[in-house]
Amino acid sequence: MTIRSYRPNDHSAGRRLWVELAAQHRQLYDDPRFGGADPGAEFEEYLTRLDLSGVWVADHPEDGVVGLVGLIMKGRSGEVEPVVVTEARRGQGIGRALLDHVATEGRKRGLASLTISPESRNVDAIRSLHAAGFDVLSALELTLDLGKREPERQDGLDIHQLRFRS
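Residues numbered from 1 in each chain as written. Predicted model: local features only at pLDDT ≥ 70, side-chain atom pairs only at ≥ 80, totals over all residues. Heavy atoms only, no water.

## Side note on the overall build of the protein
Then, in step 1: The helix and strand tally for the protein stands at 4 helices and 7 strands.
Then, in step 2: For the protein, the succession of helices and strands along the chain, N to C, is β-α-α-β-β-β-α-β-α-β-β.
Then, in step 3: Scaling as 2.2 N^0.38, a compact globule of 166 residues should have a C-alpha radius of gyration of about 15 Å, and the protein matches this with 17 Å.
Then, in step 4: Oriented by its inertia axes, the alpha-carbon framework of the protein measures out at about 45 × 35 × 30 Å. (Helix = DSSP H or I, 4+ residues; strand = E, 2+ residues; numbered from the N terminus. Rg over C-alpha atoms; globule rule 2.2 N^0.38 Å.)

Dropping the structure here:
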């Protein structure tokens, strides 16, 4: 497997990965609306971002593009968005290779830090990111749910002796 820069002919694979990521989030949050009616359209919008500094793919010799990572510039910092590996290839070190690559690119650009914002219910992603060195908790985003209340979930998170739902 090779990590390389995104090319225009990677478009359909990138869009497919983006849709797969949206489907995973729909499942995590039991929300069929996550990503909108056409999640792939968000990939088109993503590629036009002015602050997008680079996109790289994991190119597998047999399966083609199986992963994607992007780097968004935030001043002297960077934001990793997204990092996605096709479900059939997860757990094989591809996500880690993509994260290592984007970290190397961030260093080349003289960035002071990289951040990433995984979904709070995506425990596998959080564990993988922590193992890859993303171990500084730099921000929290809290939500006041104004819609229908879900039944209380048991898989929340405790921070500073406060219980949060995820």
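Next comes the rest of the description.
## A few points about the packing of aromatic side chains
Then, in step 1: Scanning all chains against the criterion turns up 4 aromatic pairs.
Then, in step 2: Judged by centre distance (5.7 Å) and plane angle (50°), the rings of Trp 18 and Phe 43 are tilted. Of this pair, Trp 18 sits in helix H1 (residues 11-28) while Phe 43 sits in helix H2 (residues 39-47), and the two are 25 residues apart along the sequence.
Then, in step 3: Judged by relative accessible area, which is 10%, Trp 18 ranks as buried.
Then, in step 4: When its relative accessible area of 0% is taken as the criterion, Phe 43 is described as buried.
Then, in step 5: Connected via pairs of aromatic rings, a cluster forms that spans Tyr 6, Trp 18, Phe 43 and Tyr 46. (Phe/Tyr/Trp six-rings, centres within 6.5 Å; stacked < 30°, edge-to-face > 60°. Buried < 20%, exposed > 50% of the residue type's maximum accessible area, 1.4 Å probe, protein only.)

## Concerning the pattern of salt bridges
Then, in step 1: Within this structure, the stated rule accounts for 13 salt bridges.
Then, in step 2: Of the charged contacts, one joins Arg 15 and Asp 38 as a salt bridge, the two residues approaching to 3.1 Å between their closest N and O atoms. On the criterion of sequence distance, the pair formed by Arg 15 in helix H1 and Asp 38 in the loop between H1 and H2 is long-range, its members being 23 residues apart.
Then, in step 3: Take Arg 15: its relative accessible area is 25%, and that puts it in the partly exposed class.
Then, in step 4: Judged by its relative accessible area of 41%, Asp 38 falls in the partly exposed class.
Then, in step 5: For Asp 31, the salt bridge identified is with Arg 33, shortest N-O distance 3.1 Å.
Then, in step 6: Ionic contacts of the salt-bridge type, sharing partners, join the residues Arg 4, Asp 10 and Asp 59 into one network. (Salt bridge = Lys/Arg side-chain N within 4 Å of Asp/Glu carboxyl O.)

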